[in-house]
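Inside the fold
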Amino acid sequence: MRYPVGAVASIGHRISGVLLVLMLPFAVLALDRSLRSDAAFFAISGWLRLPAALLAWACAHHLFAGIRHLLTDVGIGASLPAARASAYAALIAAAAVGLAFLAL
Amino acid sequence: MTLLSGQRAFVFQRLSALVLLAYIAAAAVRLALGAPVTLAQWQAWAAQPLAAAALLVLALALVAHAWVGIRDVVLDYVRPFAVCVTVLGIAATGLALLAAWSALILVSHAL
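What you see is a predicted model; the values in this text were computed from it and never measured. (Residues numbered from 1 in each chain as written. Chains lettered and ligands numbered in written order. Predicted model: local features only at pLDDT ≥ 70, side-chain atom pairs only at ≥ 80, totals over all residues.)

1. Some details on the overall build of chain B
- Across its full length, chain B carries 4 helices and 0 strands.
- In sequence order, the secondary structure elements of chain B are arranged as α-α-α-α.
- In summary, chain B has a C-alpha radius of gyration of 17 Å against a globular reference of 13 Å for 111 residues, an excess of more than 25%.
- Along the longest, intermediate and shortest principal axes, the C-alpha atoms of chain B span 50 × 25 × 25 Å.
- Burial analysis of chain B (111 residues in total) assigns 17% to the buried set. (Helix = DSSP H or I, 4+ residues; strand = E, 2+ residues; numbered from the N terminus. Rg over C-alpha atoms; globule rule 2.2 N^0.38 Å. Buried ≥ 20, exposed ≤ 12 C-beta atoms within 10 Å, placed from the backbone.)

2. Examining the overall build of chain A
- Broken down by element type, chain A carries 3 helices and 0 strands.
- Going residue by residue from the N terminus, the α and β elements of chain A occur as α-α-α.
- Here the C-alpha atoms of chain A give a radius of gyration of 16 Å, more than 25% beyond the 13 Å that 2.2 N^0.38 yields for 104 residues.
- The principal-axis extents of the C-alpha atoms in chain A amount to approximately 50 × 25 × 20 Å.
- Expressed as a percentage of the 104 residues in chain A, the buried residues total 23%.

3. Comments concerning unusual backbone geometry
- Cis geometry is found at the peptide bond from Arg79(B) to Pro80(B), where omega equals -5°.
- Relative to the helices and strands, Pro80(B) is located in the loop between helix H3 (49-77) and helix H4 (81-110).

4. Structural notes on the interface of chain B and chain A
- With 16 residues of chain B in contact, the opposing surface of chain A contributes 17 residues.
- Breaking the side of chain B that touches chain A down by element, the ones donating at least two residues are helix H1 (6-32), helix H2 (39-46), H3 and H4 of chain B.
- Looking at which element gives the most residues to the side of chain B that touches chain A, the answer is H4(B), with 5 residues.
- Its residues assigned to classes, the side of chain B that touches chain A comprises 11 nonpolar, 4 polar and 1 charged. (Contact = placed C-beta atoms within 7 Å. Nonpolar A, V, L, I, M, F, W, Y, C, P; charged D, E, K, R; others polar.)

5. Things to note about H1(B)
- Compared with the 39 Å implied by 1.5 Å per residue over 27 residues, the 38 Å span of H1(B) between its first and last C-alpha is a close match.
- Just beyond H1(B), the residue with positive phi is Gly34(B), at close to 85°. (Expected span 1.5 Å × (residues − 1).)

6. Examining the confidence of the model for chain B
Residue and element names in this part refer to chain B.
- For chain B, per-residue confidence averages 92 on the pLDDT scale, and 95% of positions sit at 70 or higher.
- Mean pLDDT values for the elements of chain B range from 90 in H2 up to 97 in H4.
- For this predicted complex, the interface score ipTM comes out at 0.90, alongside a pTM of 0.91. (pLDDT = per-residue confidence, 0-100.)

7. Thoughts on the nonpolar core
- The biggest cluster of nonpolar side chains holds 28 residues, and the ones touching the most others in it are Phe64(A), Ala90(A), Val63(B), Ala66(B), Trp67(B) and Leu95(B).
- Contributing elements (two or more residues each) for this core: helix H1 (5-35), helix H2 (49-73) and helix H3 (80-103) of chain A together with H3 and H4 of chain B.
- When near neighbours in sequence (up to four residues on either side) are disregarded, Trp67(B) contacts Ala92(B) and Leu95(B). (Core = buried A, V, L, I, M, F, W, Y, C linked by C-beta atoms within 7 Å.)

8. What to know about the packing of H1(A) against H4(B)
- Interhelical geometry of H1(A) versus H4(B) gives an angle of 10° and a closest axis separation of 10 Å. Overall, the two elements H1(A) and H4(B) adopt an arrangement that is roughly parallel. Listed contacts from H4(B) to Leu24(A), Pro25(A), Val28(A), Leu31(A), Asp32(A) and Leu35(A) of H1(A) are Leu98(B), Trp101(B), Ser102(B), Ile105(B) and His109(B).
- Looking at the contact of H1(A) with H4(B) residue by residue, the class counts come to 8 nonpolar, 2 polar and 1 charged. (Axes fitted to C-alpha atoms, helices over the stretch in contact; angles between N-to-C directions. Parallel < 35°, antiparallel > 145°, perpendicular 65-115°, else oblique.)

9. Details of the packing of H2(A) against H1(B)
- Where H2(A) contacts H1(B), the axes come no closer than 11 Å and their chain directions differ by 125°. Regarding the angle of H2(A) to H1(B), the classification is oblique. Of the two possible hands of crossing, H2(A) and H1(B) adopt the one that is left-handed. Mapping the contact onto sequence places Leu63(A), Gly66(A), Leu70(A) and Asp73(A) in H2(A) and Arg14(B), Ala17(B) and Ile24(B) in H1(B).
- By residue class, the composition of the contact of H2(A) with H1(B) is 4 nonpolar, 1 polar and 2 charged. (Left-handed = near helix turned anticlockwise from the far one by under 90°.)

10. Some words on the environment of His13(A)
Residues and elements named next belong to chain A.
- Locating His-13 in the fold gives a position in helix H1.
- Using a count of 22 C-beta atoms within 10 Å as the deciding quantity, one classes His-13 as buried.
- Considered as a pair, His-13 and Arg-36 are 23 residues apart in the sequence and their alpha carbons are 33 Å apart.
- Ignoring sequence-local partners within four residues, the contact set of His-13 consists of His-61, His-62, Ala-65, Gly-66 and His-69.

Put into structure tokens, the structure is as follows:
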């Protein structure tokens, strides 16, 4: 089965959103530790690199695809060629952010 | 408009998205201008009442946005109805606890 690129960007927006919600408890824990001077808590060890890259991808994809949805809502880039181009742009930019974190 | 009205959720989701977008843009500008990056600088900044209030608004917008998103996903995919309602209840409770926990952290740090 072949999905149009817009559908891939859209389902990615949902998947990244669910991932981000599941990470919320850790975000609040990080807030707590950061205000308590727990520097050791923020030392990212090697095995955390993959989850960190996944989280970076989720943030980036949710942000880019979300901005794309908001613009489409107000009629910007709503034509099919423009929507396809922006879907590719969001997917590629988010993948680049994830890969950059992996390489970090 | 009922509790699970799609239209209200739609508006709520987009308004909270705009709030979060504004925070991300502000954070990006501040970081670009050399905002606090050490733990000590961050703690001093977050202890100011206005900063704590801004962070609290951010936490609430995040939880509200998360709630509408999770609600949409669960309503779309989770069957049967009893399981769907149970999952929604767990999500609502969890998110409410996270909001309360964030408020407690921020207020106790600022006081």
